[in-house]
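One letter stands for each residue in the lines below.
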Amino acid sequence: MSQPPDLREAPAHHAAPSCPPGSTTGRVVIVSASVGAGHDGAAAQLALRLSHLGFSVDRHDFLDLIPAGFGRLVSDSYRLLLTIAPSAYQRIYSATENAGRPGLMIRLMQRSSHRRLLRRLPPDTLAVVATYPLAGQVLGTLRRRGRLAVPAAVYLTDFSVHPLWVAPGADLHLAAHPVPAGQAREHGAERVVVSGPVVDPRFTLATDAQRSAARARFGLPADAPLALLVAGSWGVGEVAKVAAEIRDTGAAVPVVVCGKNGPLAARLRADGIDHAFGWVDDMPGLMHACDVLVQNAGGLTSLEAFACGLPAVSYRCIPGHGQTNAAALDEAGLAPWIEDPADLKPVLAAMVDGITRRRYREAGLALHREATGPANAIAAVAEQYAAERSGATTTSPAIPLAPAIPAQRRHPGRATAPAPRRPVRKLGIAAAALAATAWLATGGTQLAVAYGGFDTVDPDHTGRAYLVVHPPHNGRLDDATLRTLVAEKAAVSIDAAEAAADPGEVRRLASAGLTVVNAGYGPPYATGIVTRRDSVEAGATALRSATGAAARFFLSGTDLDALDLGLAAYHHEHVVVPDARIACGSSTTPAVRPGQVVLVECGDAHPADLSATLHRLATTPHRLPRLGALTTLS
């Protein structure tokens, strides 16, 4: 099928309406989703430009179209995964990327939203636009089945294209750049227009005077190079680590925006990051004040920075779309992706001043300056449909719309054909959703933990082993054994009873430089739906009381459920599941392989038995591989 023509619109910052505001030519409905801020941000700017072009615009949140509040559960689960289980989110993202079609749960969600979406389209609707992939899938399905008579478009808000973004049956896919456009075509999209990005008109180049005023307004240094670190509306990712790394390079002063994550901003300020903000309304001003953007998701914030002439780099990106967006931005020559921490300092220095900065700055500005913008493409589709429906002619370039399929309409004049009510099917969908949620919260969580998901520390990629020792109950460790543990970068697991019984010994271990791990109620490190429910809480409280500091890890088996993970996340503890266990003082000692977490359990053994076990581990044929510190995995 032939590609649509080049549909040009004035650049986003200087869009000139083709007809005066208020002279309505019809209605466009935009379906977004309040999952982060990028989808809604793009929807808001599309609505603004379409209204300037004379259209009435309705906006709907796709999550509200999914019955029984399940849409909000999806959003909350997504946020939870990114916050406490990024490795699990990466696995889900990769699985859906390779599946070739939406999974059963996604199809059930989509199907449950069909009728509600159709009801929200007024009779004068001329086009429907999705800025969220699942909404696009629904529009494409309804279009293919003849239940949606008006054309449907999908605006790709990400710079990389997951297969779920491509909606078979949609009349148009709109991309910000040839790189995502090419990816969309590779995934099967037939009609793709490279229309450029759409951002708030406030994001423009700043004068020197505006830059100085912005720095003063935000209380920023007048002359120091500033690196703006943005972590999305949820404040997710390795924000604290990145902020500290930027500071330690000396190449720039970190300025951090934590979105709605107020506790993160407070924690950063307590850690010595002076310029840490929560939600910022004047993001254009903050971008005017800074010299380089450090981003971890590659979404709308990057496009806004390009419009301001603020060069951007990608670093320690969140899993899934964060990493694929970083790769696409790098491929497009718009933002380098820093994958090695050793490159952070030189890349930041090059982006703050010099020819590299100017090259990337110009590339970002050109993306907006040369953009056609998506609003005119959507307007052309809507006007073409209106002309075909009325038998009139239009001056807009023709777009090959999807073949018209007659819809069996129960209500003359309505743009859609609602399906008959099917209460049994709705009940089945609700029951399936409830069962899936219950399984994900229990058995599914345990399965994911068993295979290294849900933020379980994952040493496989490091080539090192990690040693955790649960010290003997009887007696304190001698100084020589303590020095050996420190030299081997070992961690010590302490349970709630031990911390309460001898807090002085726990403080001694921590003061020696050992990483103290929360062992809950101790062996067998079990939690569960009924028993040991407060294992995480009890250990965390006892260790904080003993040492004055929070533990960063929780030692567990694979029986955790969603509530356990939530408690661990609340206490900012990463889950450690040992791959091998060695009994202290045992005459048989298994070989330790790289990529394992090895737990030495001493129980009632004598402290001297631990020294003997460590000696056996260090000698042939059970020589320890290179050991790493758990803190490098957090």
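Residues numbered from 1 in each chain as written. Predicted model: local features only at pLDDT ≥ 70, side-chain atom pairs only at ≥ 80, totals over all residues. Heavy atoms only, no water.

S.K.: Report on the side chain of Thr-131, specifying residues and quantitative values.
M.R.: Relative to the elements of secondary structure, Thr-131 occurs in the loop between strand 3 (125–130) and helix 5 (133–144). According to the relative accessible area criterion, Thr-131 is buried, its value standing at 0%. Contact partners of Thr-131, with chain neighbours within four places excluded, come to Ile-30, Val-31, Ser-32, His-39, Ala-43, Leu-46, Tyr-155, Thr-157 and Trp-165. (Helix = DSSP H or I, 4+ residues; strand = E, 2+ residues; numbered from the N terminus. Buried < 20%, exposed > 50% of the residue type's maximum accessible area, 1.4 Å probe, protein only. Contact = heavy atoms within 4.5 Å.)

S.K.: Give a description of the sheet that holds strand 3 that names residues and reports values.
M.R.: Reading across the sheet, the 6 strands line up as 2-1-3-4-5-6 and stay open at both edges, with parallel pairing between neighbours. Each having just a single partner strand, strand 2 (55–61) and strand 6 (192–194) make up the two edges of the open sheet. The sheet shows a mean angle of 25 degrees between the axes of neighbouring strands, taken without regard to direction. Taken together, the 3 bridges between strand 5 (residues 172–175) and strand 6 define a ladder with parallel strand orientation. (Pairing = 2+ DSSP bridges. Axes fitted to C-alpha atoms, helices over the stretch in contact; angles between N-to-C directions.)

S.K.: So what's going on with the packing of aromatic side chains? Residues and values would help.
M.R.: Per the stated rule, a full pass over the model turns up 2 aromatic pairs. Centroid distance Phe-62 to Tyr-132: 5.9 Å. Interplanar angle 45 degrees. Geometry classified as tilted. Linking Phe-62 in the loop between strand 2 and helix 2 (70–84) with Tyr-132 in the loop between strand 3 and helix 5, this pair joins segments that are 70 residues apart in sequence. A centroid spacing of 5.8 Å and a plane angle of 80 degrees characterise the contact between Phe-218 and Phe-277, whose relative ring orientation is edge-to-face. (Phe/Tyr/Trp six-rings, centres within 6.5 Å; stacked < 30°, edge-to-face > 60°.)

S.K.: Explain the environment of Leu-303 residue by residue, including any values.
M.R.: For Leu-303, the location among the structural elements is in helix 11 (residues 300–307). The contacts of Leu-303, once residues within four sequence positions are left out, are Phe-159, Pro-197, Val-199, Leu-367 and His-368.

S.K.: Requested: an account of the sheet that holds strand 12 (residues 337–338), with residues and values cited.
M.R.: Spatially, 9-8-7-10-11-12 is the arrangement adopted by the 6 strands of the open sheet, whose pairing is parallel. Two strands in the sheet have a free side with no partner beyond their single neighbour: strand 9 (275–277) and strand 12. Here strand 11 (residues 312–315) pairs with strand 12 via 2 bridges, running parallel. Bridge pairing in strand 12 places Ser-314 opposite Trp-337. Contacting strand 7 (226–230), strand 8 (253–257), strand 10 (292–295) and strand 11, helix 8 (residues 239–249) crosses the sheet at an angle of about 160 degrees to strand 8. Helix 11 contacts strand 7, strand 10 and strand 11 of the sheet and is inclined by roughly 170 degrees relative to strand 10.

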